[in-house]
Structures are given as structure tokens and as C-alpha cells.
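# Examining the three-dimensional arrangement
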Amino acid sequence: YEVSILSEVFFGCVLAISLVPMTAFVARPTMRGAVMTGLFCVVLTLTRPVAAWFVVVPLVLGLGPWGLLVRGLVRRSLGEGGSLGESGAPASRKRVTIAAVMLGIYVAIMLPWSLLNQRQFNYFGVALGRGFGLFIRVFDIDRLEPPPDTRLPEVRKMLEHGVATQLSPATFVRDELARHHYSAAQADELMAQFALETAGRHPWTFAANSVKQWAIQLGGALQDEAICSSAQGPYLCSKRTQGYAREPFLNRPRYEDEPVRPWVVAYMRHLQIPMGIVASLALYGLVAYLAERRPDWVKGLFLASVIGYFTFLPAFAQSPQDRYRLPIDGLLFMFAVFGLTSLLRNLRLRD
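Rules used in this analysis
- Residue numbering note: each chain is counted from 1, following its sequence as written.
- Local features in a predicted model are, by the rule used here, given only for residues with pLDDT of at least 70; side-chain atom pairs are given and counted only at 80 or more, and totals for whole chains, interfaces and linings are based on all residues.
- As a rule here, side-chain values cover all heavy atoms of the structure and leave hydrogens and water aside.
- Numbering goes from the N terminus for both helices and strands, where a helix is a DSSP run of H or I of at least four residues and a strand is a run of E of at least two.
- Burial classes follow relative accessibility: with a 1.4 Å probe on protein chains only, a residue under 20% of its type's maximum area counts as buried, one over 50% as exposed, and anything between as partly exposed.
- Values of accessible area rely on a 1.4 Å probe in the Shrake-Rupley scheme; residue burial ignores everything except the protein chains shown.
- Throughout, disulfides are identified as pairs of cysteine sulfur atoms within 2.5 Å of each other.
- Salt bridges are defined by distance alone: a side-chain nitrogen of Lys or Arg within 4 Å of a carboxyl oxygen of Asp or Glu.
- Only the stretch in contact is used when a helix axis is fitted, and all axes are lines through C-alpha atoms; the angle between N-to-C directions ranges over 0 to 180 degrees.
- For classification purposes, an angle smaller than 35 degrees is called roughly parallel, one larger than 145 roughly antiparallel, one from 65 to 115 roughly perpendicular, and anything else oblique.
- Contact between two residues is taken to exist if any of their heavy atoms lie within 4.5 Å; hydrogens are not considered.
- Throughout, the ten residues Ala, Val, Leu, Ile, Met, Phe, Trp, Tyr, Cys and Pro are labelled nonpolar, Asp, Glu, Lys and Arg are labelled charged, and all others, Gly among them, are labelled polar.
- Multiplying 1.5 Å by the helix residue count minus one yields the expected span of that helix.
- To get the bend at a given residue, fit one axis to the seven residues ending there, fit another to the seven starting there, and take the angle between those axes.
- To form a nonpolar core, buried Ala, Val, Leu, Ile, Met, Phe, Trp, Tyr and Cys residues must be joined to one another through side-chain atoms within 4.5 Å.
- Residues forming no salt bridge and having over 30% relative accessible area are the ones grouped into patches, like charges within 9 Å of each other and nonpolar side chains (Val, Leu, Ile, Met, Phe, Trp, Tyr) within 5 Å.
- A pair of strands counts as paired when DSSP detects no fewer than two bridges linking them.
- Throughout this description, a polar contact denotes any pair of N or O atoms lying within 3.5 Å of each other; where both atoms belong to protein, one of them has to be capable of donating a hydrogen while the other can accept it, and for residues adjacent in sequence the pair is counted only when both atoms sit in side chains.
- Classification of ring pairs rests on two measures: the distance between centres of Phe, Tyr or Trp rings, Trp counted by its six-membered ring, which must be within 6.5 Å, and the angle between planes, read as stacked under 30 degrees, edge-to-face over 60 and tilted in between.
- On a scale of 0 to 100, pLDDT captures the predictor's confidence in every residue.

### Description of the overall build of the protein
Scanning the protein from terminus to terminus reveals 14 helices and 2 strands. Each of the 351 residues in the protein was classed as buried or not, and the buried ones make up 44%. Approximately 19600 Å² of the protein is accessible, and the part contributed by carbon and sulfur atoms is 64%.

Structure representation (C-alpha cells):
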């Protein structure tokens, strides 16, 4: 757990640093920018596997045909004229070369890593966990009914037993598969197949819940924390792990004398930032930014795509948690401040 949290802190730091060259690359693709973007995508992916497909975001928005189409549509809507696609973009051959360099750097480093996983763990990919996360989403959160004619009756039987014993279905099934001598890679793949099969039987429910989970991850009240009491007084604790907290996350005060503890408790009780309002203002700020005829509007669109990517993936294939939103909180605040100042400026102009 301690290593996991430190990797998340490092991930947020790397993402913040990488957005500087990446944003410049998306606005004006260059060979040097392609090299930097490819390398940063590698570091992000090797730090937290959630970034495994993030390389597609700068690639498509900066160099792909869809990105060029979006550029043309936005330019027309802003009254800047020009044709769809090629206006202001580098020549087609140069774009292909730049895209090949960026993807080449990413693949040249990530492919050996995936092949190593294939050789050692019989799993081709960056990291395990896809099946476990989907299982949590489908059965712990959405509680979808698995198909009776499933291709994996063994997993269904384990799931039913886990639900009957009031345990976390995902954790129970993972542990049961291990007890049945499945490897970690095999168990994760079986859980992924079973979860996808069940989601495929309830496509509209799963899609609607995905949007709901996304909204919660963006600005909802996730309520991961609580206020507990002890002989030393109230203290901040985890609402989800009170019963089995481990050493790095002690759910009790570590020392009797902790002067900052009352201030932390007061903040959590009375001064928490309402992220729902922040997310709403951020959406308004994005629209206001794109509506203004700035030459660098694509930078705002890219940063909005970063927010969308790093909030949608955990909501789609995991459970919404506060810590999953931390890497993009700074972007949400930035857009929210821009939205608030734009709103106040428009109201003042109307008056």
C-alpha cells in the first residue's frame, strides 16, 4: 500500500510536468515534441497502468484525422474560416513521420515490457488487474445478474457463493480461483471474460451506470473519509477500511500529542471544497475557453481530454475513489477559475 500511494504521488507529479511539453506538442506538432511526448507516455504508463492508452490522446488530437477534423470544425464555429482538416497543420507526410516517431518510442519500450510479462507470467500487457477491476464494477457496484447460460459456470458458482456469504464478490472470486490453482494472470482473464459477458447482457444498464460513475468520479461526493473518536479525541479515518486497516493506514491516532489533528478534523467537517461545484464551473470554463477566439484553443481541448481520460477509465473499469481524481484536480481548478472569472465578467458586462 505504501508503495502504491507513493507511485500515485509520483504519477501526479510526472503528469503535471509532462503536460507542459505535451500541450505545446498538440498545439504545434514537432519532432522534438513527439520524442518528449512518447517518453512521458512511457514513464506515465510504467508508473500507473491507467495511462496505458493515454498516448492515443495527444496522437489523435495533435496528428490524427479526427484531431484535424475537430480543429477545422472549431475554427469554422469560431468564424476563423479555413477548410476542414489541413488548415494550419503540417504537411501530411511530415505528420505521418512525427506520429511514427512518437508511437515508435512508446512501442520500443513498452513492447519488451509486455513480452517479459508474457514470458514470466503468461500475460501480454503492462500489468494485471483489468479483470479484478471490471468484476468490482459489474458485480460489487452495478450488481448485474450474470447470464444463466454462461460460458464460465465455475466463476458463476464462486460469485453466487461470495454474494451468499456477504463478502466482496470480486475479492472472494479472486481468492477462490487462486485456491483452485489458477495463476494470477489466468484468474484475472477469467474474471475479465465473465464481467464482460455479464455487461454484454445488460448493455444499456452498464452504459448508463458508466456515465453515472463518471459523473461521481468527476465531482461527486465519494465519501471515502470519516471522523472517528478515540481517547485522544476525534480524528480523520477511512470510512472504507476501519475494520482491517494496516500499518501504513492506521485508523487510529499514532501519537497522543498531535497538534494538527483538530485542524484537520475541523477542515473535513466545515471547509471541504465542493467538487460538484468545481466540476460544473470547470465545464463552463472549458466552453468559455473554446468560445473565445484564441489561437491556442486546442490546448484547452487537450487538457479537457486529459481530465476525461483519467476520470473515465477508473469509473468505467473500477470504483470511483478520491485518489483516482487527484492527478487532474489541478486542471479542474484551473478550468473552474477560468469559468468563474468568465461568468463574473459576462454578468458585469450585462449590468
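### A closer look at the state of the cysteines
Enumeration according to the criterion identifies 1 disulfide in this entry. For C228, the disulfide goes to C237, at an S-S distance of 2.0 Å. Residues C228 and C237 are joined by a disulfide whose S-S torsion is about 70 degrees; by sign, that bridge is right-handed. Judged on exposure class, the residue C228 and its partner C237 are both buried.

### Regarding the pattern of salt bridges
In the structure shown here, the tally under the stated rule is 13 salt bridges. D149 is the partner of R201 in a salt bridge, and the nearest nitrogen-oxygen pair spans 3.1 Å. With a gap of 52 residues between them, R201 in helix α9 (residues 184–201) and D149 in the loop between α6 (130–141) and α7 (153–164) connect regions that are remote in the sequence. Look at R201 and you get partly exposed, because its relative accessible area is 44%. Connected via shared salt-bridge partners are E8, R48 and R323.

### Observations regarding the packing of helix α10 (residues 203–219) against helix α14 (residues 322–350)
At their nearest, the axes of α10 and α14 sit 9 Å apart, and the two run at 65 degrees to each other. Relative to α14, the element α10 lies roughly perpendicular. Here α10 contributes I216, Q217, L218 and G219 to the contact with α14, which in turn contributes Y324, R325 and L332. When grouped by side-chain class, the residues that make up the contact of α10 with α14 number 4 nonpolar, 2 polar and 1 charged.

### What about helix α5 (residues 92–121)?
Between its first and last C-alpha atoms α5 spans 41 Å; for 30 residues at 1.5 Å apiece the expected length is 44 Å, and the two agree. Along its length, α5 shows its largest kink, about 25 degrees, at V107. Every buried residue of α5 is listed here: R95, I98, A99, M102, I105, Y106, M110, S114 and N117. Downstream of α5 by one or two residues, N122 has phi in the positive range, about 60 degrees.

### Some details on unusual backbone geometry
Even without a glycine there, the phi angle at R143 is positive, about 55 degrees. When you line up the elements, R143 lands in the loop between α6 and α7. When its relative accessible area of 63% is taken as the criterion, R143 is described as exposed.

### Some details on the nonpolar core
Within the largest apolar cluster, 50 residues are counted, with the highest numbers of intra-cluster contacts made by L44, F54, F302, V306, F310 and I328. Those elements that provide at least two residues to this core are α1 (2–27), α2 (31–47), α3 (56–62), α5, α12 (275–291), α13 (297–317) and α14. Of the residues forming this core, the biggest block, 10 residues, is contributed by α13. Membership of the second largest hydrophobic core comes to 21 residues, among which are L134, V138, V155 and F194.

### Some points on a nonpolar patch on the surface
Judged by side-chain polarity, V35, L39, L46, I109 and W113 come together as a nonpolar surface patch covering roughly 390 Å² of accessible area. When contributions to the nonpolar patch are tallied by element, the ones reaching two or more residues are α2 and α5. Of the residues forming the nonpolar patch, the biggest block, 3 residues, is contributed by α2. Note that L46 resides in helix α2.

### Examining the pairing of strand β1 (residues 225–230)
Where β1 meets strand β2 (residues 233–238), 6 bridges bridge the pair, whose relative direction is antiparallel. Following the sheet pairing, I227 is matched in β2 by L236. Linking two consecutive strands that pair antiparallel, namely β1 and β2, is a turn of 2 residues.

### What about the side chain of N117?
When you line up the elements, N117 lands in helix α5. Within the structure, the side chain of N117 is placed 2.7 Å from the backbone oxygen of G125, a separation counted as a polar contact. Contact partners of N117, with chain neighbours within four places excluded, come to N122, Y123, G125 and V126.

### Here's the deal with the packing of aromatic side chains
According to the stated counting rule, one finds 11 aromatic pairs in the structure shown. Taken together, a centroid distance of 5.4 Å and an interplanar angle of 25 degrees make the contact between F139 and F194 stacked. Residue F139 is found in helix α6, and its partner F194 is found in helix α9; the two are separated by 55 residues along the sequence. Judged by relative accessible area, which is 4%, F139 ranks as buried. Consider the rings of F312 and F316, whose centres lie 5.5 Å apart with planes at 25 degrees: the pair is stacked. Residue F312 and its partner F316 are located together in helix α13, separated by 4 residues, close to a single helical turn. Three or more aromatic residues joined by ring pairs make a cluster, and in this case those are F11, F54, Y309 and F310.

### As for the confidence of the model for the protein
With 85% of its residues at a pLDDT of 70 or more, the protein shows a mean pLDDT of 84. Per-residue pLDDT, averaged within each element of the protein, yields its smallest value for helix α4 (residues 65–77) (55) and its largest for α2 (94). Within the model, pLDDT remains below 50 along residues 82–90, and this stretch shows 17 contacts once partners closer than five positions in the same chain are excluded.

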